Amino acid sequence: MSNLKMKEAALIYLDRSGGLQKFIDDCKYYNDSKQSYAVYRFKILINPSDVVELDAELGNHILHQPLKAAEVFQSVCFIAVKTLSLIGQLQTETQINIVLKLTHLPPLPSYGLDLCEFPLDYTSQRFYMMQGIVIAMTTVTKYTQGARFLCSDEACPLSKGFQYIRVHVPGATESATIRNDFLCNLCASSLQEDRKFRVLGDKQIVEIIATKGLHAFQGHSNNQPFRFQSVTIFLRDESVNKMNIGNEYKIIGIPTCVKTSQTAVCIEANSITFCNSKVPSGISDNFRCLLSLTSSSCWKFTAILANIFASQITPPGTYNLLKLCLLMSLVQTTDRNKELEDCLDILIITSDILLIDRLLNFSINLVPRGIRHLVSAEIFPTLSRNKYGTGAVSIQAGSALLAKGGICFIGDLASHKKDKLEQLQSVLESRNITVYIPGKKFGEDTDQQMTFPVQCSFWSFVDMDSSSRRNAQKINTLIGQMDCSLIPANLVEAFGLLINCNESSPCHPFLSTVQHTLKKAINPEGLLYAASRQFTTEDFEKLLAFAKNLNVEFSLEAERMTHGYYLASRRIRTDSICGSKLSASALKYLVFLSEAHARLNLRNKVLKEDVLIAALLFETSLTLKYGATAFCVAPNAVFPFELYNEEYLEQRDLYLTQCQQQLEQFIATYGPGTTIFSSDE
C-alpha cells in the first residue's frame, strides 16, 4: 500500500510540475524514430521541497534512497506508456531508464559534504551538496548507458525479448554494466550481449578541491595545520563540458567508492551550479569617513590608501608607487563568471627581493583568487594519464588557471626556464593557452588541442642585484631607461607596467625600512603604526571586494584625453626603421589603469583626473623601457612628496594639476588634429 501511495504521489507531481507533458513529448520522439531501442532514457526534474509537501515518504526516498525513488518513477512511467500507448516497441519495465535531476537540496548541515573533512560518507548512497574549484579535467570519453543481454541457450524462453536489460547506476563501473559472466536466472546458462542495442553516453572526469583548500596556494600560513584532498567528480551525458578549469561550482551528487590502484572517493554528479560570490554591501566606517574627508579631491583618497597599505610589511610612506599599482591591479580582479580581459600585469625591477616578495605575497591574500606559484609546480596546464583507466587524458590546471579572476604571483623571473618564459610571453600577449594532446601517446587515433582563456593578472619581479646581472656588461641606455638586457625584450613589453623599486632612492627611505624590520623581528604580531590599527587588513579586503564590483564608464573628457595621449605617445615613439614601440594593447592598458583608479576611488565614472594617473604610470613604465620623450615624466611624478599631513597632500594636488596641464599641452602638440599627424594616423 505504501508503494502504491508513492506511485500515486509521483504521478500527481509529474502532472503538476509539467514533467508528465515533457515525458509524453519524449515518448513521441522515441515512437516516431525509426531506430530500435533497448533502453529508453528519461530525465525528470525534481524539486525536493515540492515533493516533500506533496508526499513526505516519496520526498524522503528521493533524498535518502534515490535508486529506490527512481524505481517508483520507472513504474509510473511504464504504466503511463502502456495506458496511453506512447511507445509501441516498449516491452518491459526494465527498458525504461529514469534519471532524477534535483534542483536543490535542503539547506541543512546533514546534506552538505565538506571536502576538507575526513572521512567522507560514501556508503549511504544518497545525495549530498558540495562546493569546490575545478583543478583538473579529462577529455570526453564514452561509457555504456544501457545494454541488452540474451540467454545463450536458444531453447530458453529468455533467449529472446528484453528481459535482461542492464543500465548504469550512480557509482557503478563499466564492468558492472558490461561483463561476460552474467547467468540466466531461468536456466543458469551464460548471458551474451546483443551489441547492436548497446547505448553509449558521454563521460568526463573532473577533480575539485574545497574553496578553502586554496590557502595552500596563497603562500601564507597562520600556523594552523589543515589538510585538503582533491575529490573526483564523474560527469555524464548532459553534464559533460558544463564545468571549466578554475571555476567554482556547487555540485549535487552521490558519493561512491571506486577501487583503482588505490581506493578513492568519487562523486557521481547529478546537477551542477556555477558559484557567484556575493557582492559586499559596503566598506568599513573608517574608510567611509576617510572618503568623505577627501571628497574635495580626486587624488587624495587613493594617495592615502597607497601610503598606509600593507603597513604590516613596510612602513607607511615607502613604496607608495608600487603599492598604488598593486591596489589598482587588485581592483581589476573579479568574482563573477565573466571573461576577465582588463588585467593589469606588473613587472618589478628591484634590489630588495625579500621585502618585495613579502609585499606581493601579502597583497595576493586580499582577494579570493590570489595564487602564489611554486617553482616546483607548473604555471600553465599540463597533461597526465587518467588514474581511473578510462583512456582519457587528464589536464591539470596549473597556477594561472587556478588564479582565474585574480592574481598569479610567479615570483622571480630568473627562477623560470627559457621555454616557460616564452610561454608566459605568449600568454600575456594572447590571454589564452593552447594544450596539444598527442593522440599516439594517449591511445587516440588523432591529435587534439584545447584552448583555455587565461583570466588573471601576473605579478613578477627581477632581482637587479643578482650576480649574473652585476657581472653583465651594461648596454648604452637612453635618459631614464633601465638596463633590462638580461630579460627578453618582448617579455618586458608584454607586461603592462614596469616599475623600478629602489629602496635607496628618496622615495624609499632606507632607515625607516630597517627600523621596521627590526621591530617586526622583536614583535612579529605587533601593530607598529596607528594606520595599522585604524585600517585593518579586513578593512582593505572589504574595500577591494566592494570596489572591484563597481561598474565604471568613461566621461567624454576622459575618453578624449585617453585617446589623445595614446595617439600622441605613439606618434613620438615611432621611427621609420622599427615602427611604433607602442603595441595596440597599450590603449587597453591605459583604459584599464583609468578604470582601476576610478574604482579605487569608489566612483562609477572615469574622470580626466583618473586618466592623468594612468598616463603618468604608463609614461613612467615606457620611460623605463625606451627612455624619456617630449612628455618628460619624473620617476616620482605620482608621489612627488612624502605624505606626512594634509599640507603635503595639498602640495601633491597642485603638482598633479600642473602635470595635467602638461599632459593637455602634450596632446595639443602631438595628438590628433595637429600638423605633425599624417592622414593615416
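Structure shown above.
Computed from a predicted model, the values in this text were never measured in an experiment. (Residues numbered from 1 in each chain as written. Predicted model: local features only at pLDDT ≥ 70, side-chain atom pairs only at ≥ 80, totals over all residues. Heavy atoms only, no water.)

Side note on the pattern of salt bridges
Taken as a whole and judged by the stated rule, the model has 21 salt bridges. Linking Arg 198 and Glu 193 is a salt bridge whose minimum nitrogen-to-oxygen distance equals 2.6 Å. On the basis of relative accessible area, Arg 198 is assigned to the partly exposed category, the value being 28%. Residue classification places Glu 193 among the buried residues on the basis of a relative accessible area of 18%. (Salt bridge = Lys/Arg side-chain N within 4 Å of Asp/Glu carboxyl O. Buried < 20%, exposed > 50% of the residue type's maximum accessible area, 1.4 Å probe, protein only.)

A look at the packing of helix H18 (residues 556–572) against helix H20 (residues 608–626)
The interhelical angle for the contact between H18 and H20, taken along N-to-C directions, is 20°, at an axis separation of 9 Å. When the axis of H18 is compared with that of H20, the two are roughly parallel. H20 is crossed by H18, and the crossing has right-handed handedness. Counted together, Glu 557, Ala 558, Met 561, Thr 562, Tyr 565 and Ser 569 of H18 and Lys 608, Val 611, Ala 615, Phe 618, Glu 619 and Leu 622 of H20 form the full contact between these two elements. Here the residues of the contact of H18 with H20 are counted per class, giving seven nonpolar, two polar and three charged. (Axes fitted to C-alpha atoms, helices over the stretch in contact; angles between N-to-C directions. Helix = DSSP H or I, 4+ residues; strand = E, 2+ residues; numbered from the N terminus. Parallel < 35°, antiparallel > 145°, perpendicular 65-115°, else oblique. Left-handed = near helix turned anticlockwise from the far one by under 90°. Contact = heavy atoms within 4.5 Å. Nonpolar A, V, L, I, M, F, W, Y, C, P; charged D, E, K, R; others polar.)

What to know about the packing of aromatic side chains
The full count for this structure, using the stated rule, is 21 aromatic pairs. A centroid spacing of 4.6 Å and a plane angle of 55° characterise the contact between Phe 23 and Phe 42, whose relative ring orientation is tilted. With Phe 23 in helix H2 (residues 19–32) and Phe 42 in strand S1 (residues 40–46), this residue pair connects regions lying 19 residues apart in the sequence. Judged on exposure class, the residue Phe 23 and its partner Phe 42 are both buried. (Phe/Tyr/Trp six-rings, centres within 6.5 Å; stacked < 30°, edge-to-face > 60°.)

Comments concerning the sheet that holds strand S19 (residues 497–501)
For sheets, the rule is that strands pair by backbone hydrogen bonds, running either parallel or antiparallel. Taken together, five strands build an open sheet; the order of strands is S12-S15-S18-S11-S19 and the sheet is parallel. Only two strands of the sheet have a single neighbouring strand rather than two, namely strand S12 (370–372) and S19. Recorded for the sheet is a direction-independent mean angle of 20° between the axes of neighbouring strands. (Pairing = 2+ DSSP bridges.)

Quick word on unusual backbone geometry
Phi is positive for Ser 85, close to 50°, though the residue is something other than glycine. Among the secondary structure elements, Ser 85 is positioned in the loop between helix H5 (66–84) and strand S2 (96–102). Classification of Ser 85 by relative accessible area gives exposed; the value is 60%. With a phi close to 65°, Ala 188 is a non-glycine residue in the positive phi region. Counting through the fold element by element, Ala 188 comes out in the loop between helix H6 (174–177) and strand S6 (191–193).

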